[in-house]
Amino acid sequence: MVGEETTSLRKRPSRSGENFEEKEDERKPSEESLGISSNGRIDIKQLMAKKIRLTAEAEELKPFFMKEVGSHFDDFVNNLIEKSTSLDSGGCAITSFSVLEGDKNYRAKDLRAPPEHGKIFVVRRSLLDELFEVDHIRTIYHMFIALLILFILSTLVVDYIDEGRLVLEFNLMSYAFGKFPIAMWTWWTMFLSTLSIPYFLFQHWARGYSRSSHPVVHCLIHGFLFMVFLIGVLGLGPTYVALAYTLPPASRSIVILEQIRFIMKAYSFVRENVPRVLNSAKEKSKIVPVPTVNQYLYFLFAPTLIYRDNYPRTPTVRWGYVAMQFLQVFGCLFYMYYIFERLCTPLFRNIKQEPFSARVLVLCVFNSILPGVLILFLMFFAFLHCWLNAFAEMLCFGDRMFYRDWWNSTSYSNYYRTWNVVVHDWLYYYAYKDFLWFFTKRFKWAAMLAVFAVSAVVHEYALAVCLNFFYPVLFVLFMFFGTHISGLYPSAFLDLSVRVLEAWTPVSFLDTEDGISA
């Protein structure tokens, strides 16, 4: 027994030695990866070099990884939304599993709803709201805020040095929004007339159409009265007020832009509901599909130009979000004021004292490009993002795709489709699609030309009346670049430059001498 114990004791050191060797072998790779030298010390330089190399490789891979993930995720979500909202003829809903099992080379445009179904509204956030959740994108927002603070400090310091006091009178802004009560009374008149006349005209036509012995005459009479309302009341009335009362630019812009919006809303309401009444009369149904006043009233305030009886809604109203959007609108107004005050007013005050020449025009244009582009960005952010999102939140309006990523456009056609989705949808469904339907899907080039012509004329009308001068650069831009060379040039930036050229031509300031002197 004693001999056996002795042998077992002798064997233990050997086994422990073997285990120690195995542990040493396991530790060697990890020590080498950590940069441990033969004497047991960690080589800091080697470790840092490996860390820097791995970090550099990760930074190189990160953009490709984020781009791939973002593109695939966007395609998946867009197709999931479109497939879930679009039902086939059998009424079977398509689930996310069928999206995954489908063809890998699907495209969102191939899954678009049929034209006769019109625009499909779904609950989705605005693009900038999603992008601002990324810290790197939000940095750009903070840079614009820092630039606003610099403009404010610069203006205060210059005023204190020149005047010996702080000048906080905002004369230019008070001039731009002058005669504001007249603009508000005009708006109330347009709103009440749009709320009452189109609705009751349509209601009277719809309820008397099936009972009328002469339906064609019945339609012509009501159609004529509706066109008289659009052209005479909404068309000529606000324009007369803007010109007769010589409203300043901002007040005039409120009247003219709201005039255009009400015309488009009234047309959409009638255009969407007339086919329903005709189909009901064809089927000899006893129920006349006339929307309620509440549905029409909601549509007049909803941030869309396409009428629906019901829209997808959000469950609650975030009043803090609403207050933040309106605060950003006022911030953009003051931002534009300081851009005018620091970059534009001194420029045109000096140019006004010189005789007009080609040199003066070139200097005026190129010195105005930077403030013009900044003002264009601010107008986009203030209206298409903040203003529309504020009303969408108050009305629980779910579909908030008011614009797409127009800043990534490399052609004018793509920029035209993504800059203002709200107006683009109206033109697509009521101008382009209706034109194709009328001509049995022929003459697509004529349909496209008609859309650009309508858009160009309306843009020129708004700018001519609001700025009190006629300079048809946008008409030439829409009708030439938009219809002929929309894929050859980076026209998004060309459009920005031409808008700046139009907005800052010295002719526009000949009629607003009081604004410059202010």
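Just so it is clear, the structure is predicted and the values come from calculations on it, not from any experiment.

Peer 1: How should the packing of aromatic side chains be read in this particular structure?
Peer 2: One pair of aromatic rings is described through two measures. These are the centre distance and the angle between the planes. This structure, assessed with the given rule, holds 41 aromatic pairs. Where F380 meets W406, the ring centres are 5.2 Å apart and the plane angle is 80°; that geometry is what we call edge-to-face. Placement of F380 in helix α12 (residues 358-394) and of W406 in the loop between α12 and α13 (412-419) is noted, with a sequence separation of 26 residues between them. Taking 5.2 Å as the distance between ring centres and 45° as the angle between the ring planes, the aromatic pair formed by W387 and F391 counts as tilted. Residue W387 and its partner F391 are both found in helix α12; the two are separated by 4 residues, about one turn of the helix. Feature note: the residues Y199, F200, F202, W205, Y209, F269, Y296, F299 and Y307 constitute an aromatic cluster, connected by ring pairs. Taking the ring centre of F121 as reference, the NZ or CZ of K119 above it sits at 5.3 Å. Sitting over the face of the ring of F299, K265 holds its NZ or CZ atom 4.5 Å from the ring centroid.

Peer 1: Could you clarify how one ought to interpret the UniProt feature "transmembrane region" (unreviewed entry) in the chain in this entry?
Peer 2: Mapped onto this numbering, the UniProt entry gives "transmembrane region" (unreviewed entry) at residues 140-161, 182-201, 221-243, 319-340, 360-384, 443-463 and 469-489. For the annotated span residues 221-243, helix accounts for 100% and strand for 0% of the residues, and the straight-line distance between the end C-alpha atoms is 32 Å. Between the C-alpha atoms that bound residues 319-340 there is a distance of 32 Å. The span itself is 100% helix and 0% strand.

Peer 1: In this structure, what is going on with the environment of R318? I would like to understand it.
Peer 2: Mapped onto the elements of the fold, R318 is located in the loop between α10 (293-301) and α11 (319-352). A relative accessible area of 43% places R318 in the partly exposed class. Sequence separation between R318 and M394 is 76 residues; the distance between their C-alpha atoms is 7.8 Å. In contact with R318, not counting residues within four places along its chain, are E393 and R400.

Reading the values: the criteria
The residue count restarts for each chain, going from 1 along the sequence in the order it is written. With the structure being a predicted model, the display of local features is reserved for residues of pLDDT at least 70 and the display and counting of side-chain atom pairs for 80 or more, all residues being used for whole-chain, interface and lining totals. The basis for every side-chain value is the complete set of non-hydrogen atoms in the structure, without hydrogens or water. What counts as a ring pair is set by centres within 6.5 Å for rings of Phe, Tyr and Trp (its six-membered ring), and what kind of pair is set by the plane angle: stacked under 30 degrees, edge-to-face over 60, tilted for all other angles. The helix count covers DSSP runs of H or I at least four residues long, the strand count covers runs of E at least two residues long, and both are numbered beginning at the N terminus. Only when the NZ of Lys or the CZ of Arg is both within 6 Å of the ring centre and within 35 degrees of the ring normal is a charge said to sit over the ring. UniProt positions are given in the numbering used here, feature names are shortened, and annotations may be inferred rather than shown by experiment. Type-normalised accessible area, obtained with a 1.4 Å probe on protein chains alone, sets the label of each residue: buried when under 20%, exposed when over 50%, and partly exposed for intermediate values. The criterion used for residue contact is that any of the two residues' heavy atoms lie within 4.5 Å.

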